[in-house]
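# What the coordinates show
One letter stands for each residue in the lines below.
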Amino acid sequence: MRSVKRWASKNLIRIYAFLAFTYIFIPIIYTIAFSFNDGGKSNLTWKGFTLKNWANPCAAPEICTALGNSLKIGLTSTIFATILGTLIAFALGRYHFKGRSSTNLLIFLPMATPEIVLGASLLTMFIGLGVDTGFVTTIIAHIMFCISFVVVTVKARIASLDPRLEQAAMDLYANEWQTFRRVTLPLVAPGIAAAALLAFSLSFDDFIITNFTIGTEITFPKFVYTSAIRGVPAQANVIGAAMFFIALAIVIVGQVLASKRKSKLS
Amino acid sequence: MAQDASTSARGDLILRNLTKTFGDFVAVDDLSLTIAKGSFFALLGPSGCGKTTTLRMIAGLEEPTSGSIHVGTTDITDMRPYQRPVNTVFQNYALFPHLSIYENIAFGLRRRGISNDLIKEQVDKVLNLVELPQLAQRKPGQLSGGQQQRIAVARAIVNRPALLLLDEPLGALDLKLRRQMQIELKWIQTEIGITFVHVTHDQEEAMTMADTIAVMNNGKIEQMGSPDDLYDSPKTAFVANFLGQSNLIPGTVSGNDGDNLIVDLHGNKIAMPKRRSSATGASILAGIRPEKFRIAPEGKGATGNVLTGGVVSDISYIGVSTQYQVEMPWGKELMVFEQNDDDSDFLKKGEKVVLSWEPMFTFGLDGSQDASAGAH
Amino acid sequence: MAFLHVQKTTNRLKGLKNNRSLIPYLLLAPGLIWLSIFFIFPILQLGATSTKTPAGEIGFFEQTYRFQNYIDAFLASKEQFYRSFLYATLATILALAIAYPLAYAIAFKSGRYKNILLVMVIAPFFTSFLLRTIAWKQILGEEGPVVSALRAVSIIGDTTSITATPFAVVTGLTYNFLPFMTLPLYASLERIDPRTMEAAGDLYANGLTTFRKVTLPLSMPGVVAGTLLTFIPAAGDYINAAILGDPKSKMLGNVIDAYYFRIVDYPTAAALSFMLMAAILILVTFYIRRAGTEELV
């Protein structure tokens, strides 16, 4: 009895974790499975296995235009947000200056504001200024809400660096620029990469803000949302599944590289 | 019932055939040991020798693969940590960072439902014992390493356990503080009379504090005894090298002379007391501690056991003594510590020397061992 | 991934350069200017719009400083207001209940699988938010496996549905924001020295007491960060209500969306947005104060 009880109490949390992961993966597996569904346009019920959705992901009208737009918006926003956010992160992580706490507040607030408020306020401003909404306004909005996440991610990486490494570099005749170029930047690079990935996924997946700023243009999430009423075509699942596998691959490669580097060092 | 053991069980700590394996790795190998009530016991060994695993099994933080643990007549093998009459001073102290010093110390008492008044009295008392009553309201993060160490001790002993376990308690302190804390811990142990089981890899620390030392290697106890016993009469090459330093010279027993064995060391005949040899066959390791050697320039008179033909290969002057490395004709180097207590002439590098010592300082070990086992 | 680090950044300001140069301001300028123009300024615009009144044509408004807009907007949508905070609170509690043991298991029981499990936690981020929500709609829907199974064993009747209910909306919110809860919890649990938990056991605390007195208080930063990161987006969300709910489970987000795009009543939409933001900020401030200063017993 005692040993059964002990086994249960020891493994209870593992069983629980297993159930939680099952819950997490149910809709993901569903999405991937239904990318192989021979369900015609609606894709609501399982009709049989097919590869034709994967063979021709652009078959659904407008879907590849939407995907292309999302990629364009995502890449552009990522580049700008990563640069702007990284600069702020370095200022916060490596310098003392007046106005530090107001800067922190300004970084924190966009993350604490509901997306619908961000979208509504931007649209209000664009309407007030008479600006036509579209790609440019959407990219502007995406850069805005991605900056904070980039700052937080990169700043954490900078904070985890031992400042003595930079002091050691200076001690070894590197001037400030060389120290930054040869020591600080390489060490912070994984954080910047993680921030860029985060920014891209936030931008690519965003619907709420985009819906306010995109005007009549279409993005992948908007395509999914508007087609949801009639039933989302299986091609959307194909794209969703493909994105899932690509993201997974990127993360796994990153992890492997990091652990390789670690084992090399030790 | 089991709950009572945390206050009632008293007596010697008895480990019987204690074994712990992690997969294929045998961390603790069939260990049997009795630690007398009220003693200060040290488990000494290099990292990975199984000493910390042993301690964690006594504390209830690891489950033994087999074997039993008793305190007096109470079997505590299957008790949860919180049911045992055992408290631990953790490596790096493991003070609760979110609680004040006062609440850290009161933690165990509160769990046992002791009244607030009594808790206050006991916490104050133990804070006085460790001489830090002024820190009661601070948080652990505001304390120095030495202060945290004392609080960790106070947090454990306030519960009056039958047994206090100390896991490398001084490892994080600097040398000077370590020496001071060694003396204090020893004093506290004498003062309160609890059995202390102390795990360390620092042989000097073990020697300074413990009544009894068990030297562990590869999950087994190599030798157990009082510090001077272990130092004077090591039974294995590992103990001889790990506890202080030893010169172990391989040789063969060539004869008998009353109470002494005659041993041939690379052509030099030396005498060794029979009672100090644990070797059974003809093959033997003759052990001489570096400070027992006398060193003199070649040609000067030497008495007792004598080794000739040495050449000084290195000299380090370290204040109270001078350490010489002497290369012997058979290619090995011997270590010699010479007290700087007279103005005898300093030897120079490359100088030819004679080493001599009193036969009674020689100990003998079984010759089949690796002479460098356990060397630092 | 950002959330893993949120709390680590606070108290490590040692080793900063202290020269009064222009460099930090030059580094800050581009990003902060961007945020000022496209975050602060629009919020101010939103505030200004919220007190405007219609001016003739549809979509045109003039500033009349009519603060009555707020009261009107609130009275018209107080149910959705209440629902938003109720659903967000429920989803936050549910997510905490699911995520805490999960984060605990990953932090302390996962051994060398830790990194794999962390990737699994953020796996939902790798697929589209909308696709996941639609997947839930179909899984829980009339023709989906869950309803069929429950009906087959007569747990629910033929007329009872799961989708188009508040239950489905809360489930969706919980699911979608679960990683935001799990990651900060994991980060704060992972930083706890396991020896402090052993020490509690050594000092006569059983498993539950150890959790209550040591593990939980030490993981509070993660609990605070996780609940905020879940509650804030959940309170402002309208996707889950739009896809998984029915007219009776609409949240404030749905109302704001409708005022903007269908009714074209910008002042009311702005007033509601402003109130939503203000309510969240007040709650958050209150919550942080409380969690930050009072010892949890």
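Here the residue numbers are simple positions, counted from 1 along each chain's written sequence. Chains carry letters and ligands carry numbers; both start at the beginning, A for chains and 1 for ligands, and go up in the order they are written. Totals for whole chains, interfaces and linings use all residues, but because this is a predicted model, local features are given only for residues with pLDDT of at least 70 and pairs of side-chain atoms are given and counted only at 80 or more. Where side-chain values are given, they derive from all heavy atoms of the structure, hydrogens and water being excluded.

### Points about the interface of chain A and chain C
Defined as follows: Residues are treated as being in contact if the distance between any of their heavy atoms lies within 4.5 Å. In short, buried area is how much 1.4 Å probe accessible area vanishes from two parts on joining, totalled over both. Here a salt bridge means any side-chain nitrogen of Lys or Arg lying within 4 Å of a carboxyl oxygen belonging to Asp or Glu.
Each side of the interface is counted separately: chain A has 82 residues, and chain C has 85 residues. Approximately 8100 Å² of surface area, both sides summed, lies buried where chain A meets chain C, with 78% of it carried by carbon and sulfur atoms. Our enumeration of links across chain A and chain C arrives at 1 salt bridge. Measuring nitrogen to oxygen at the nearest pair gives 3.8 Å for the salt bridge that ties A:Asp205 to C:Arg132.

### Notes on the confidence of the model for chain C
Residue and element names in this part refer to chain C. Which entries qualify depends on this criterion: In predicted models, pLDDT denotes the confidence assigned by the predictor to each residue on a 0 to 100 scale.
Averaged over chain C, the pLDDT score is 84; the fraction of residues at 70 or greater is 91%. Taken together, the stretch residues 1-15 has pLDDT below 50 and engages in 34 contacts with residues farther than four places along the chain or on a different chain. Confidence drops under pLDDT 50 across residues 293-297; counting only partners more than four residues distant or on other chains, this segment forms 4 contacts. Scored as a complex, the prediction yields pTM 0.79 and ipTM 0.87.

### Details of the domain arrangement of chain B
Applicable threshold: Boundaries between domains were set according to an automatic or database domain assignment.
Under the domain assignment, chain B is made up of domain 1 (13-232) and domain 2 (245-366). Relative placement of domain 1 of chain B and domain 2 of chain B: their C-alpha centres are 40 Å apart.

### What about the pattern of salt bridges?
Opposite charge on two side chains lets them pair, provided their charged atoms get close. This is how the line gets drawn: Secondary structure is summarised from DSSP: a helix means a run of H or I of at least four residues, a strand means a run of E of at least two, and numbering begins at the N terminus for each. Each residue's exposure class comes from its accessible area (1.4 Å probe, protein chains only) as a fraction of the maximum for that residue type: buried when under 20%, exposed when over 50%, partly exposed otherwise.
Applying the stated criterion across every chain yields a total of 18 salt bridges over all chains. One salt bridge in this structure joins B:Glu62 and B:Arg56, with 3.2 Å as the shortest N-O distance. With its nearest N and O atoms 2.7 Å apart, the salt bridge here joins B:Arg56 to C:Glu198. Here C:Glu198 lies in helix α7 (residues 194-202) and B:Arg56 lies in helix α2 (residues 51-59), a pairing that spans two chains. The exposure class of C:Glu198 is buried, given its relative accessible area of 18%. Within this structure, B:Arg56, B:Glu62 and C:Glu198 form a network of salt bridges that share partners.

### Digging into α7(C)
In terms of burial, α7(C) is a largely internal element, 7 of the 9 residues being buried. Every buried residue of α7(C) is accounted for by C:Thr196, C:Met197, C:Glu198, C:Ala199, C:Ala200, C:Gly201 and C:Asp202. Those residues of α7(C) that are buried lie in contact with α2, β6 (86-89), α3 (101-111) and α5 (145-157) of chain B together with α2 (68-109) and α8 (207-218) of chain C. Positioned one or two residues after α7(C), C:Tyr204 has a phi angle of 70°, which is positive.

### Observations concerning the domain arrangement of chain C
Residues and elements named next belong to chain C. Filter applied, for reference: In protein, a polar contact means a hydrogen-donor-capable atom and an acceptor-capable atom, both N or O and within 3.5 Å, with residues adjacent in sequence counting only if both atoms are side-chain atoms; elsewhere, any N or O pair within 3.5 Å suffices.
Segmenting chain C into domains produces domain 1 (1-49) and domain 2 (69-291). Between the C-alpha centres of domain 1 and domain 2 there is a distance of 27 Å. Facing the 9 residues of domain 1 at the interface are 20 residues of domain 2. Both faces combined, the contact of domain 1 with domain 2 buries some 1300 Å², and carbon together with sulfur accounts for 78% of it. On the surface where domain 1 and domain 2 come into contact, there are 0 salt bridges. Linking domain 1 with domain 2 are 0 residue pairs in polar contact (both at pLDDT 80 or more).

### Some details on unusual backbone geometry
Of note, B:His266 is a non-glycine position whose phi angle comes to about 50°, a positive value. Mapped onto the fold, B:His266 is located in the loop between β12 (260-265) and β13 (268-273). You will see that C:Tyr204, though not glycine, has its phi angle at about 70°, which is positive. Among the structural elements, C:Tyr204 can be located in the loop between α7 and α8.

### Points about the confidence of the model for chain B
Put simply, chain B has an average pLDDT of 88, and 97% of its residues get 70 or more. Taken element by element, chain B is modelled with least confidence in helix α1 (residues 5-8) of chain B, mean pLDDT 64, and with most confidence in strand β9 (residues 212-217) of chain B, mean pLDDT 94.

### Side note on the nonpolar core
The test is simple: Think of a nonpolar core as a cluster: buried Ala, Val, Leu, Ile, Met, Phe, Trp, Tyr and Cys residues, connected wherever their side-chain atoms sit within 4.5 Å.
In this structure, A:Val224, C:Tyr260 and C:Leu272 are the most contacted members of the largest nonpolar core, which totals 170 residues. If near-sequence neighbours (up to four positions away) are discounted, C:Leu272 is found in contact with C:Ala73, C:Ser77, C:Phe81, C:Leu252, C:Val255, C:Ile256 and C:Tyr259. If you look at the next biggest cluster of nonpolar residues, it comprises 48 residues, including B:Ile101, B:Val130, B:Leu135 and B:Ala206.

### Describing the sheet that holds β9(B)
All names here are of chain B. The line we're drawing: Strands are labelled as partners when DSSP assigns at least two bridges between them. The convention used is that axes are lines fitted to C-alpha atoms, helices contributing only their stretch in contact, and that angles between N-to-C directions extend from 0 to 180 degrees.
The 6 strands lie next to each other as β6-β7-β8-β3-β9-β10, forming an open sheet whose pairing is mixed. The open sheet is flanked by β6 and β10 (220-225), the only strands paired with a single partner. Adjacent strand axes in the sheet meet at a mean angle of 20° when their direction is disregarded. One ladder, built from 5 bridges, connects strand β7 (residues 163-167) with strand β8 (residues 195-200); its direction is parallel.

### Some words on the sheet that holds strand β18 (residues 333-339) of chain B
Residues and elements named next belong to chain B. Reading across from one edge, β15-β19-β16-β17-β18 is the order of the 5 strands in this open sheet, with antiparallel pairing throughout. Two strands lie at the open edges of the sheet, namely β15 (294-297) and β18, each paired on one side alone. Between one strand and the next, the sheet's axes are offset by a mean angle of 45°, whatever the strand orientation. Two elements, β15 and strand β19 (residues 352-357), share 4 bridges in a ladder whose sense is antiparallel. Counted as the bridge partner of Ala296 is Val354 from β19.

### Looking at the environment of C:Ile192
Residue and element names in this part refer to chain C. When you line up the elements, Ile192 lands in the loop between α6 (166-190) and α7. Considering only alpha carbons, one finds Ile192 and Thr227, 35 residues apart in sequence, at a separation of 19 Å. Discounting residues that sit within four places of it in the chain, Ile192 has contacts with Phe108, Met197, Thr215, Leu218 and Ser219.

### Digging into the packing of α2(C) against helix α9 (residues 220-236) of chain C
All names here are of chain C. Counted only if it meets this: Note on angle classes: values under 35 degrees are labelled roughly parallel, values over 145 roughly antiparallel, values of 65 to 115 roughly perpendicular, and the remainder oblique. Throughout, a crossing is termed right-handed when the near helix is turned clockwise from the far one, and left-handed when it is turned anticlockwise from it by less than a right angle. When residues are sorted by character, Ala, Val, Leu, Ile, Met, Phe, Trp, Tyr, Cys and Pro go into the nonpolar class, Asp, Glu, Lys and Arg into the charged class, and all the rest, Gly among them, into the polar class.
α9 packs onto α2 with a crossing angle of 140° between their chain directions and a minimal axis gap of 9 Å. By the angle between their axes, α2 is oblique relative to α9. At the point where α2 passes α9, the crossing takes the right-handed sense. Taking contact as the criterion, the partners of Ser84, Phe85, Ala88, Thr89, Thr92, Ala95, Leu96 and Tyr100 in α2 are, on α9, Val223, Thr227, Thr230, Phe231, Ala234 and Ala235. Along the lines of polarity and charge, the residues of the contact of α2 with α9 split into 9 nonpolar, 5 polar and no charged.

### Observations concerning the pairing of strand β16 (residues 305-318) of chain B
Consecutive residues of a regular strand have side chains that alternate between opposite faces of the sheet. Residues and elements named next belong to chain B. In this sheet, β19 lies alongside β16 in antiparallel orientation, the contact comprising 5 bridges. Looking at β19, one finds that Val306 is bridged to Ser356. Of the strand pairs in this sheet, β16 and strand β17 (residues 321-327) are connected by 7 bridges, and their pairing is antiparallel. Paired with Tyr317 across the bridge in β17 is Thr322.

### Quick word on empty space enclosed by the protein
Stated formally: Two kinds of site are reported from a 1 Å grid over the protein atoms alone, namely cavities, where a 1.4 Å probe fits but cannot get out, and pockets, open sets with protein on both sides within 12 Å along at least five of seven lines, and residues are called lining when an atom falls within 4 Å of a point. Grid points are joined across faces, edges and corners, and a volume is the space filled by probe spheres set on the points.
All chains considered together, the criterion is met by 3 cavities of 30 Å³ or more. Its boundaries defined by the atoms lining it, the largest cavity holds a volume of some 70 Å³. If you trace the largest cavity, you find it lined by A:Tyr30, A:Thr31, A:Phe34, A:Asn43, A:Val232, A:Asn237, C:Leu131, C:Ile134, C:Ala135 and C:Gln138. Elements that contribute at least two residues to the lining of the largest cavity include exactly α1 (2-33) of chain A together with α4 (129-140) of chain C.

### Section: the packing of aromatic side chains
The condition that has to hold: Only rings of Phe, Tyr and Trp enter the pairing, Trp through its six-membered ring, and a pair is recorded when the two centres are within 6.5 Å. The plane angle decides the type: under 30 degrees is stacked, over 60 is edge-to-face, the rest tilted. In this scheme, Lys NZ or Arg CZ marks a charge over a ring once it lies within 6 Å of the ring centre and within 35 degrees of the ring normal.
The full count for this structure, using the stated rule, is 32 aromatic pairs over all chains. Summarising the aromatic geometry, the rings of A:Tyr23 and C:Trp136 are spaced 5.7 Å apart at their centres and angled 40° between planes, so their arrangement reads as tilted. Here the residue A:Tyr23 occupies a position in helix α1, and C:Trp136 occupies one in helix α4, the pair thus bridging two chains. Classification of A:Tyr23 by relative accessible area gives buried; the value is 17%. For the ring pair A:Phe97 and C:Tyr25, a centre distance of 5.8 Å and an interplane angle of 70° mean the geometry is edge-to-face. Placement of the pair is A:Phe97 in the loop between α3 (63-94) and α4 (100-112) and C:Tyr25 in helix α1 (residues 23-49), with the two residues belonging to separate chains. Residue C:Tyr25 is classed as partly exposed on the basis of its relative accessible area, which comes to 35%. Here the basic side chain of B:Arg112 rests over the ring of C:Tyr204, its NZ or CZ set 4.7 Å away from the ring centre. A cation over a ring is seen here: B:Lys292 above B:Phe361, with NZ or CZ 5.0 Å from the ring centre.

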